[in-house]
Amino acid sequence: MKNLQNYLKQVQQMLQQKTFQKLWNYCSQFYEFGILQPALNILLGIEFSALATTPTKFVQLLLSKHFYISQNYLTPMQVKEFDDALSKCDEFDQRNLGTVIGMILLGAIGFFVFGFALVGGIGGGVLGVFGGHQVGKRIKKTLQNKQDITELDIYDIRMRTILKWAQQQQKKYNYNLNLQRFVIDRVLTEIKVALHSRYFSIINQAQLQKLQKKAFIFLKQDLYLCSIELSLLLLQEQLKILKYFSLQDQNMYLNQEETHLVDEQSHFRNQLEISVLKGIDNVVKPVVTLFSNQLPDHKQPQIIKKAREFIYSNEIVQLSKQFPDPQMSIYYIKMLNAQLNLKVSTTSLKVYVQQQNFRNLENVGQDIQCFMQKQNTIQNVQQEDEIKLNIEQIKVEEQQCDMIIQNNESQVELDQIKENPQQIKFKLHSHPNKISFSKIDPKFYLNPTPLQSYDDIIHNLERENQQPLYPQHYCQKTIDKFNLFLQLIHEPTNKWDLAINNKDAQIYKTFKEGSDSVFIKGFGIIKDTTLELALKVVYDIKLRREWDKLLRDFQIINTETEDIDIVAYYVQPPISLVTPREWVQRRILRYDFPQKGQITLLFYSVDYPQHPINNKRIRAHTEISSMIFEVHEQNNVKISICSNNDIKGYIPKMIVNRASASGPIDWFKSMQGACNKYK
């Protein structure tokens, strides 16, 4: 069996060949100087460096250059390959694979609603012809064998797609071990759901066990065993550095070498701590569990045995007690079991593979909250009892296993470790796998909400139930629109395309399942004004008519309550051949929402018989349109927007969608002029 030392010897032998010498001279420029050109394709890993001839030196080189962080190591092209592993699975396969099958299974009308080549399309855009074909075959088999498609079926397709993507990464970057380390990180993070299978109801276990076997067959290859060894060595070295940080915090003596390591990582302590906890809970523990489920102890590779010893060492046990993985909690497991059995609309298959909520392991808070709030309506008592029995039984087994593994360590030694001042102490407040509602980068100014920890979600449910999120006079449709509004503004921007980016504004756009019209969100900064004035020039009908020349005949046609009214207006296109568009919308004003100090205006289209459609116009539709006003820095106001409008008629959607991103920028400029005029 190949180990890391043998792999590095092979690499050094390859460098004696002129082909690899030339290729390494090209690749080494990236590792030494960074990005030279965006399209730079780096095939060889940094193990080809003369400074990485042994496993110890290899690990030290990765640490010194901070290449254990993916964004520091991967090229832009490689980052895109990782991002696109699932993000493009809604693009259709140009080969039209499965067209006939799709029409037979779904009917011609239903098939064309889904899009061309549904069966082959989920994987085609992501994995190329081969990968798309394999995923297409899996979807075909699923559709043929089952009348009802569940979340478990989607997860099955998703996991197999990830494995096909990983195989392509293996072929392309066969001599880039650190990159392969990030690949197995992705695979093992995805397979964590299947590793919970023994806790689930029996009906789901067989399918998840098959996925585990496929992942095991993939990961037992020599290349990935070497990657696991590299991950383990890197973790051990990172822990050693963090121990030095702890000693330094306690004003204890460090020798010259230890001081050098601390200084080298002084600005990366937080990343080191996150990397260690994620490495333990998202890589080492899953891979040990996966191999233990497939092989008896005496047949397991040596590196897996070492990894098992590592996670059961006193140091890691104490660390796991200090930072328990929330993804191992009973609430998470119960949520998974309920979710896996939910039926999925076949019209959403291409999106479900890409965005399966419970698979976004760092943002499952909303799903857990929804699951717990609806728990009393789910008729799943029998399955929950089965889960509890499974968990209790396996807890006993694991406790017995722990005792066997640690029976050679005396209680005295354990007590000494607890009292040892050299015990590692992290500065993190919670596990990096924490469950949160929002992960929007603050630099984008997109109204980030405070991160809520897993414990916060659980402990605050009762209080939230006692304090309704919305006023009692809101109708259900208004509540639904506010829920959509919160979902859109909290959605990370890495799922959106950046359309416009300048000093005072950013606009993103994306498409959602079920809508041909583009979704827009972003912000603009209105300078040298007050929050009150900014709101007034937008909300006051008289002022709005004076400065917003785009809106014609802007009027309030009914006031429902103090904070809700019905407004109507029309827009005259600059080209006379294009029919004017009109809107009738409900407008809601809300203070201190979504956060204290913020003011929200929300609009959506309504049918209002008292204001019939003008025969000379086309009635457009607003699915949602919102503005959040808040103070930004000194004497400035930030306005965050989010909208989805369908102007109807026969203008090609492609033309409308392309032009839609520039509209907010022009509007921000007009509003800036209005604030300057009326202050």
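Residues numbered from 1 in each chain as written. Predicted model: local features only at pLDDT ≥ 70, side-chain atom pairs only at ≥ 80, totals over all residues. Heavy atoms only, no water.

Per an unreviewed UniProt entry, the protein carries the name Phosphatidylcholine transfer protein and comes from Paramecium octaurelia. Of the comments in the UniProt record for the protein, the one headed Subunit (unreviewed entry) reads "Interacts with ACOT13/THEM2." Annotation of the protein in UniProt includes, under Subcellular location (unreviewed entry), the sentence "Cytoplasm". (UniProt positions renumbered as here; feature names shortened; annotations may be inferred.)

> Even after reading the chapter, I still don't get the overall build of the protein, so can you show me in this structure?
Check the secondary structure of the protein and you find 27 helices and twelve strands. Here the protein displays about 33700 Å² of accessible surface, and carbon together with sulfur accounts for 51% of that area. (Helix = DSSP H or I, 4+ residues; strand = E, 2+ residues; numbered from the N terminus. Areas by Shrake-Rupley, 256 points an atom, 1.4 Å probe, with all protein chains shown as cover.)

> Sorry, what's going on with the packing of aromatic side chains here?
Given two aromatic rings, their pairing is described by the distance between the two centres and the angle made by the two planes. Taken as a whole and assessed by the stated rule, the structure comprises 23 aromatic pairs. Consider the rings of Phe 48 and Tyr 175, whose centres lie 6.4 Å apart with planes at 80°: the pair is edge-to-face. Within this pair, whereas Phe 48 is found in the loop between helix 2 (18-33) and helix 3 (55-64), its partner Tyr 175 is found in the loop between helix 9 (151-172) and helix 10 (177-195), the two being separated by 127 residues in sequence. According to the relative accessible area criterion, Phe 48 is buried, its value standing at 1%. (Phe/Tyr/Trp six-rings, centres within 6.5 Å; stacked < 30°, edge-to-face > 60°. Buried < 20%, exposed > 50% of the residue type's maximum accessible area, 1.4 Å probe, protein only.)

> I tried to follow the packing of helix 12 (residues 222-249) against helix 15 (residues 302-311) on my own but got confused; where do I start?
In the contact formed by helix 12 and helix 15, the axes pass within 10 Å of each other and the chain directions differ by 30°. On the basis of the axis angle, helix 12 is roughly parallel to helix 15. Crossing hand, helix 12 versus helix 15: left-handed. For the pair helix 12 and helix 15, the contacting residues are Leu 225, Ile 228, Glu 229, Leu 232, Leu 235, Gln 236 and Leu 239 in the first and Ile 303, Ile 304, Lys 306, Ala 307 and Phe 310 in the second. The class makeup of the residues in the contact of helix 12 with helix 15 is nine nonpolar, one polar and two charged. (Axes fitted to C-alpha atoms, helices over the stretch in contact; angles between N-to-C directions. Parallel < 35°, antiparallel > 145°, perpendicular 65-115°, else oblique. Left-handed = near helix turned anticlockwise from the far one by under 90°. Contact = heavy atoms within 4.5 Å. Nonpolar A, V, L, I, M, F, W, Y, C, P; charged D, E, K, R; others polar.)

> Would you mind going over the pairing of strand 9 (residues 599-605) with me for this structure?
Every other side chain in a regular strand lies on the same face of the sheet, so the side chains alternate between the two faces. With respect to burial, strand 9 is a largely interior element, seven of its seven residues being buried. Alternating residues of strand 9 divide into Ile 599, Leu 601, Phe 603 and Ser 605 and Thr 600, Leu 602 and Tyr 604, and every residue in both groups is buried. Pairing geometry for strand 8 (residues 581-591) and strand 9, over seven bridges, is antiparallel. Opposite Arg 586, over in strand 9, you have Tyr 604 as the bridge partner. Strand direction decides the pairing type here: strand 9 and strand 11 (residues 621-632), joined by five bridges, are antiparallel. What sits directly across from Leu 602, in strand 11, is Ser 626. (Pairing = 2+ DSSP bridges.)

> I would appreciate a short explanation of the pairing of strand 7 (residues 564-571) in the present structure.
Among the eight residues in strand 7, eight count as buried, and that is most of the element. Residues Ile 564, Ile 566, Ala 568 and Tyr 570 point to one face of strand 7 and Asp 565, Val 567, Tyr 569 and Val 571 to the other, with burial holding for every one of them. Two elements, strand 6 (residues 552-561) and strand 7, share six bridges in a ladder whose sense is antiparallel. Each residue of the ladder has a partner; that of Gln 555, found in strand 7, is Ala 568. Hairpin remark: strand 6 followed by strand 7, antiparallel, with two residues in the connecting loop. Inspection of the sheet shows strand 7 paired to strand 8 by eight bridges, in the antiparallel sense. Bridge assignment links Ala 568 to a residue of strand 8, and that residue is Val 584.

> Please explain unusual backbone geometry as it appears in this structure.
Residues apart from glycine generally show negative phi values, whereas peptide bonds are mostly found in trans. Of note, the bond from Phe 593 into Pro 594 is cis; its omega dihedral lies within 30 degrees of zero at 0°. Even without a glycine there, the phi angle at His 66 is positive, about 60°. By the secondary structure assignment, His 66 is in the loop between helix 3 and helix 4 (70-73).

> Sorry if this is basic, but what is going on with the environment of Arg 581 here?
Within the secondary structure, Arg 581 is located in strand 8. Residues Arg 581 and Ile 647, spaced 66 residues apart in sequence, show a C-alpha to C-alpha distance of 6.8 Å. Ignoring anything within four residues of it in the chain, the contact list for Arg 581 reads Tyr 570, Val 571, Ile 618, Ala 620, Ile 647, Lys 648, Gly 649, Tyr 650 and Ile 651. There is a polar contact of 2.8 Å between the side chain of Arg 581 and the backbone oxygen of Ile 647. Reaching out from Arg 581, the side chain makes a polar contact with the backbone oxygen of Lys 648 at a distance of 2.9 Å. (Polar contact = N/O pair within 3.5 Å; in protein donor to acceptor, adjacent residues only side chain to side chain.)

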